[in-house]
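# Summary of the model geometry
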Amino acid sequence: MKILIVLLAVFCTVAAAAERKEIEMSFGAGVWMPALFDSDTQLNPGPAFTFTVQIPPSLGNCFINRPGYLSVTSDREHWKGVTGLPLTIGYRTYPFYRRYAGPRGIEPLLGIYGGGILLWDRSDGSQDSKKTGAAVIGAEIGARIALGGSTSLDLVVSPEWVPAGSTLAGESNKDLSGLKILASIVF
């Protein structure tokens, strides 16, 4: 049911933007580092995958809708790790964009986003797994690199605040705030 809601949100966004004829999509992968600010966490960085729909009201500024999949492993006894399904909506700007500049090489980007994430932990069977949800607030800083034609590569670092996880995978009194580093192919 939750996946159906995410797919419906993405479909509605694409359908609404299709009339504008200015829509970009991207697929990305990278690393998720939750609980980065806690010194005694036992969560290890793991893979992050995203699909982004970017709707530019103008080519220098845009709205982004991004569902994804995140996973980390745990070194705690009886726990395998934590998995998350985020859905965020945000605003991104390319501060040095010029409409008639021709092919751009490397262009910086800045953005903010917010949304939610569904989280659950994975145990070895000796513990009861838990499910929870949390808010996500983050920022983006990165660069877009032209690859040719209308294809480009976005390299983005995103610090995030995720106030959840105090009971996930045996992590007590922790949240999952941390960092995501993503590389996405934009077409």
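For the structure itself, look to the data block above.
A short tour of the structure in this document, coming up. (Residues numbered from 1 in each chain as written. Predicted model: local features only at pLDDT ≥ 70, side-chain atom pairs only at ≥ 80, totals over all residues. Heavy atoms only, no water.)

## What about the overall build of the protein?
Within the protein, the secondary structure is distributed over one helix and nine strands. Listing each helix as α and each strand as β along the protein from the N terminus yields α-β-β-β-β-β-β-β-β-β. Counting the 187 residues in the protein, one finds 41% classified as buried. Accessible area of the protein: about 9700 Å², with a carbon and sulfur share of 65%. (Helix = DSSP H or I, 4+ residues; strand = E, 2+ residues; numbered from the N terminus. Buried < 20%, exposed > 50% of the residue type's maximum accessible area, 1.4 Å probe, protein only. Areas by Shrake-Rupley, 256 points an atom, 1.4 Å probe, with all protein chains shown as cover.)

## What about the pattern of salt bridges?
Under the counting rule described, the total for this entry stands at six salt bridges. Among the ionic pairs, Glu 24 bridges to Arg 144, the shortest N-O distance being 3.1 Å. Of this pair, Glu 24 sits in strand β1 (residues 24-33) while Arg 144 sits in strand β7 (residues 131-148), and the two are 120 residues apart along the sequence. Residue classification places Arg 144 among the buried residues on the basis of a relative accessible area of 7%. With a closest N to O distance of 3.2 Å, Glu 160 and Lys 180 form a salt bridge. In this pair, Glu 160 sits in strand β8 (residues 151-161) while Lys 180 sits in strand β9 (residues 178-186), placing the two residues 20 residues apart along the sequence. For Glu 160, a relative accessible area of 8% corresponds to the buried category. (Salt bridge = Lys/Arg side-chain N within 4 Å of Asp/Glu carboxyl O.)

## Quick look at the environment of Arg 144
Sequence-wise, Arg 144 and Ile 185 are 41 residues apart; in three dimensions their C-alpha atoms are separated by 9.7 Å. In this structure Arg 144 touches Glu 24, Gln 54, Arg 92, Tyr 94, Gly 105, Ile 106, Glu 107, Leu 109, Ser 152, Leu 153, Asp 154 and Val 186, once residues within four positions along its chain are discounted. A polar contact of 3.1 Å, which involves the side chain of Arg 144, links it to the side chain of Glu 24. (Contact = heavy atoms within 4.5 Å. Polar contact = N/O pair within 3.5 Å; in protein donor to acceptor, adjacent residues only side chain to side chain.)

## Describing the side chain of Gln 54
Residue position: Gln 54 is located in strand β3 (residues 46-58). Taking relative accessible area as the criterion, Gln 54 reaches 5% and is therefore assigned buried. For Gln 54, the side chain forms a polar contact with the side chain of Arg 92, separated by 3.1 Å. Contacts of Gln 54, omitting those with residues within four sequence positions, involve Glu 22, Ile 23, Glu 24, Cys 62, Phe 63, Ile 64, Arg 92, Tyr 94 and Arg 144.

## So, unusual backbone geometry
Positioned with a positive phi, His 78 is a non-glycine residue whose angle comes to about 80 degrees. Mapped onto the elements of the fold, His 78 is located in the loop between β4 (61-74) and β5 (79-93). The partly exposed category is assigned to His 78, whose relative accessible area is 30%.

## What to know about the packing of aromatic side chains
The geometry of an aromatic ring pair is captured by the separation of the ring centres together with the interplanar angle, meaning the angle of the planes. Inspection of every chain in the model, using the stated rule, returns four aromatic pairs. Their ring planes at 20 degrees and their centres at 5.9 Å tell us that Phe 27 and Phe 187 sit as a pair that is stacked. One end of the pair, Phe 27, is in strand β1; the other, Phe 187, is in the segment after β9, and 160 residues separate them in sequence. Judged by relative accessible area, Phe 27 falls into the partly exposed class, the value being 48%. Members of the aromatic cluster, joined through ring pairs, are Phe 27, Phe 51 and Phe 187. The residue whose ring lies beneath Arg 66 is Tyr 113, and the NZ or CZ to ring-centre distance is 6.0 Å. (Phe/Tyr/Trp six-rings, centres within 6.5 Å; stacked < 30°, edge-to-face > 60°. Lys NZ or Arg CZ within 6 Å of the ring centre and 35° of its normal.)

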